[in-house]
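# Residue-level structure breakdown
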Amino acid sequence: MRGKATAILAFVVILSTMALPLQVYSANDEYESLEFFLDQALKRTENGEQRAEILNRYLIKALGLVYKQNKELIRLQRQILDAVQELRDTEKKEMREMEIQMQKSQ
């Protein structure tokens, strides 16, 4: 059961880090501490139902971490899109100014 829990948690970690390569260090720390506490909780419990409940609680926490990372990814992508749009706008303005200067010089 503990191996299965660790495998599921590792799968969630792998998926989330593939989706968000940014902030990997802090995310890894959070996942490592989550995995450590999950391992400790599973070691203290012998009952299968309690182990399943513990596993479910920790999976919810892991999914919460994935959600938080995805939310940060979306925020960063919006910032990138805004910056790219500003660059395009600046480029268009410069092109217009160059065209105006060229027309004036002719």
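Check the entry above for the structure.
Let me begin by describing the structure that accompanies this report. (Residues numbered from 1 in each chain as written. Predicted model: local features only at pLDDT ≥ 70, side-chain atom pairs only at ≥ 80, totals over all residues. Heavy atoms only, no water.)

## Notes on the nonpolar core
- With 12 residues, the main nonpolar core is built from Tyr 31, Leu 34, Leu 38, Ala 41, Leu 42, Ile 54, Leu 55, Tyr 58, Leu 59, Ala 62, Leu 65 and Val 66.
- Those elements that provide at least two residues to this core are helix H2 (24–44) and helix H3 (48–105).
- With 7 residues, the top contributor of residues to this core is H3. (Core = buried A, V, L, I, M, F, W, Y, C linked by side-chain atoms within 4.5 Å. Buried < 20%, exposed > 50% of the residue type's maximum accessible area, 1.4 Å probe, protein only. Helix = DSSP H or I, 4+ residues; strand = E, 2+ residues; numbered from the N terminus.)

## Things to note about the packing of aromatic side chains
- Following the criterion strictly, the structure yields 1 aromatic pair and no others.
- Positioned over the ring face of Tyr 58 is Lys 61, at 4.9 Å from the centre of the ring. (Phe/Tyr/Trp six-rings, centres within 6.5 Å; stacked < 30°, edge-to-face > 60°. Lys NZ or Arg CZ within 6 Å of the ring centre and 35° of its normal.)

## Comments concerning H3
- With 58 residues, H3 should reach 86 Å at 1.5 Å per residue; the first-to-last C-alpha distance of 84 Å fits that figure.
- Buried within H3 are the following residues: Arg 51, Ile 54, Leu 55, Tyr 58, Leu 59, Ala 62, Leu 65, Val 66, Gln 69, Glu 72, Leu 73 and Leu 76.
- For H3, the N-terminal capping position is held by Asn 47, with its side-chain oxygen 3.0 Å away from the main-chain nitrogen of Glu 49. (Expected span 1.5 Å × (residues − 1). Polar contact = N/O pair within 3.5 Å; in protein donor to acceptor, adjacent residues only side chain to side chain.)

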